[in-house]
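Architecture at a glance
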Amino acid sequence: MDRTAQLTARRAERDIAYDPPPVADSLHVRAARVLEANWTGTSTVPSRSLYPHQWSWDSAFIAIGLRHLSPLRAQTELETLLGAQWGDGRIPHIVFNPSVPLDAYFPSPDFWRSSTAGRAAGAPRTVQTSGIVQPPVHALAAWLVHRADPGLSRARGFLTRVYPRLAAWHRYLLHRRDLGGGGLASVVHPWEQGMDNSPCWDAPLSRITPAPARSFRRADLDHGAAEDRPTDLDYGRYVRLATEYRDAGYRDGLGGGYEAGLGGGYEAGLGGGYEAGLGGGYEAGAGDFAVEDPAFNALLIASEHALAGIARELGATGTARHARAERLTAALIERLWDPAEGMFFCRDVGDVRDAHDVRDTRDAHDVREARTGGPTGELIPERSVSGLIPLLLPTLPRDITAALLRTAQGPHFGLGDTTRLAPSYDLLGEAFDPHRYWRGPAWFNTSWLLERGLRTHGERERADAVRTAVLDLAAASDFAEYVDPYTGEACGATGFGWTAALALDLLHSETEATAITGFKGGNRG
């Protein structure tokens, strides 16, 4: 019996083996019970009812918390997910459990048709997945899981086995998904960024003709209140985008195939150089929806730093990985930072229909300029918590860090004033809704990232306040999926996997901020 099972068993106090001393209804034990209830034997579902499969970035966050209960289970969580990786390097956003009925979740495996529609991209044949991705938190999670029990990790060869897959994942994003040509990864569907119905997507989505409502059935409304969920119009556009991507064979670039993905082997990962990374550029091609997002890219940068740590553990220097992370940080600032507004914004690079059919990259460049008014598109003027997440980066310039802190505490997010946890969207924005998914509610994963960022940059008092708020609200809401940013009222599912896991992490690791990257914060002038 591993530590998670021990914690959740109904036994006398002396039989529960963990530290601190057991209290029957302590937050630690309650969180452990959530994770045990959501465990399938090989992975953890976010929610038994609403999300009954394995989700990509959920599993990364869950592993970060599980490491405090069972490092072995945390390693298994990531290994299961990486076992469904595609040949081109992408990590799919859902790995489907074949024992779950098809009508339990939409879009289901028969919608994605990964093993057939994704064949050219190297989709696995023995497991069904979606064809899109989610934010790259995985290398960061793997590094933190290793640090929880290095002896176990080395004995099992954990990092040796996951490193080539994580390196291939990053190569996919940096090569296949550099759709704006400026070195940053783009998302091609709102679900990929993770903040599904954020107002940041309203303008790009307005170009998309919704799929007819009669062509799909929303299983999410069987388990969640309609007023807390994306609208039918949003869903119609999500379905249309996913359908078109599927029908194009999940193709991102002109090259096709997956020779640049998992084929590189172990040696291809440790070098970390630039040739497979930055500069995929216009050859990648973009459809009607393609957006460079600050949180997605900040997590990629943090995970590049984590890959450097993994490379060092495996005997390499990690220097090239750190250099790439620094180059990406510079690109993030150059392309997404708005000094007048004091935060990062999304950039719309997707208004290029049929760019993937252009066979000359110079023609693709001309098409993009003609349709967007410039080669890189425009910033989307919507304030989202995504624009604060780069605070996580340890070498962010001091003036940008200071501006982000002012923005987080100002009237648009009210952190530490009108809100205890940062809302997902601008409190003063026209689209703000305190209960509707990513259009206003506060989420526990973004709060964890902000807490780590504050602590990384020496803002201990502010970090302590966010930590306390996460623990208080997680406990009071029964580990809700998200909460009203003003009242803390529970929204969405309860017993939510990453809420329990990240509460556990903050219970155990309030002084561990620099473990994310191995750097001290604020060391760029």
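In what follows, the accompanying structure is described. The structure displayed is predicted, hence computed values, not measured ones.

A look at the pattern of salt bridges
This model, assessed by the stated rule, comprises 25 salt bridges. The shortest N-O distance in the salt bridge between Arg207 and Asp348 comes to 2.9 Å. A residue pair is termed long-range when its members are at least 10 positions apart, and Arg207 in the loop between helix H11 (202-205) and helix H12 (232-247) and Asp348 in strand E7 (residues 347-348) qualify at 141 residues. There is no split in this pair, since Arg207 and Asp348 are both buried. The residue Arg460 makes a salt bridge to Asp464 at a minimum N-O spacing of 3.9 Å. On the criterion of helical spacing, the pair formed by Arg460 and Asp464 is a turn pair, its members being 4 residues apart in helix H19 (residues 460-476). The class for Asp464 is partly exposed, based on a relative accessible area of 30%. Residues joined in a network through salt bridges with shared partners are Asp88, Arg90, Arg177, Glu192 and Asp252.

Quick notes on the packing of aromatic side chains
Counted by the stated rule, this structure contains 25 aromatic pairs. What links up through ring pairs into an aromatic cluster is the set Tyr51, Trp55, Trp57, Phe61, Tyr105, Tyr437, Trp438, Trp443, Trp448, Tyr482, Phe496 and Trp498. Arg73 extends its terminal NZ or CZ atom over the ring of Trp39, reaching a point 4.4 Å from the ring centre.

Concerning the sheet that holds strand E8 (residues 378-379)
The strand order across the open sheet formed by 4 strands is E3-E4-E7-E8, and the pairing between neighbours is antiparallel. Looking along the sheet, the strands with just one partner apiece sit at the ends: strand E3 (186-187) and E8. Sheet topology note: the E7/E8 ladder contains 2 bridges and is antiparallel. Its bridge partner lying in E8, Arg347 is registered against Leu379.

Considerations on empty space enclosed by the protein
Overall, the coordinates contain 1 cavity of 30 Å³ or more when judged by the stated rule. Estimates place the volume of the largest cavity at around 240 Å³. Lining of the largest cavity is provided by 24 residues; of these, Tyr51, Trp55, Gln134, Asp196 and Tyr437 occupy positions nearest its centre. Counting residues per element, the ones that place at least two in the lining of the largest cavity are helix H3 (56-66) and H12. Looking at side-chain class alone, the lining of the largest cavity contains 17 nonpolar, 3 polar and 4 charged residues.

What counts and how
- Residues numbered from 1 in each chain as written.
- Predicted model: local features only at pLDDT ≥ 70, side-chain atom pairs only at ≥ 80, totals over all residues.
- Heavy atoms only, no water.
- Salt bridge = Lys/Arg side-chain N within 4 Å of Asp/Glu carboxyl O.
- Helix = DSSP H or I, 4+ residues; strand = E, 2+ residues; numbered from the N terminus.
- Buried < 20%, exposed > 50% of the residue type's maximum accessible area, 1.4 Å probe, protein only.
- Phe/Tyr/Trp six-rings, centres within 6.5 Å; stacked < 30°, edge-to-face > 60°.
- Lys NZ or Arg CZ within 6 Å of the ring centre and 35° of its normal.
- Pairing = 2+ DSSP bridges.
- 1 Å grid on protein atoms, 1.4 Å probe; cavity = no way out; pocket = protein on both sides within 12 Å on 5 of 7 lines; lining within 4 Å.
- Points joined across faces, edges and corners; volume = space filled by probe spheres on them.
- Nonpolar A, V, L, I, M, F, W, Y, C, P; charged D, E, K, R; others polar.

Keep in mind that these numbers describe shape and distance, not what the molecule does.
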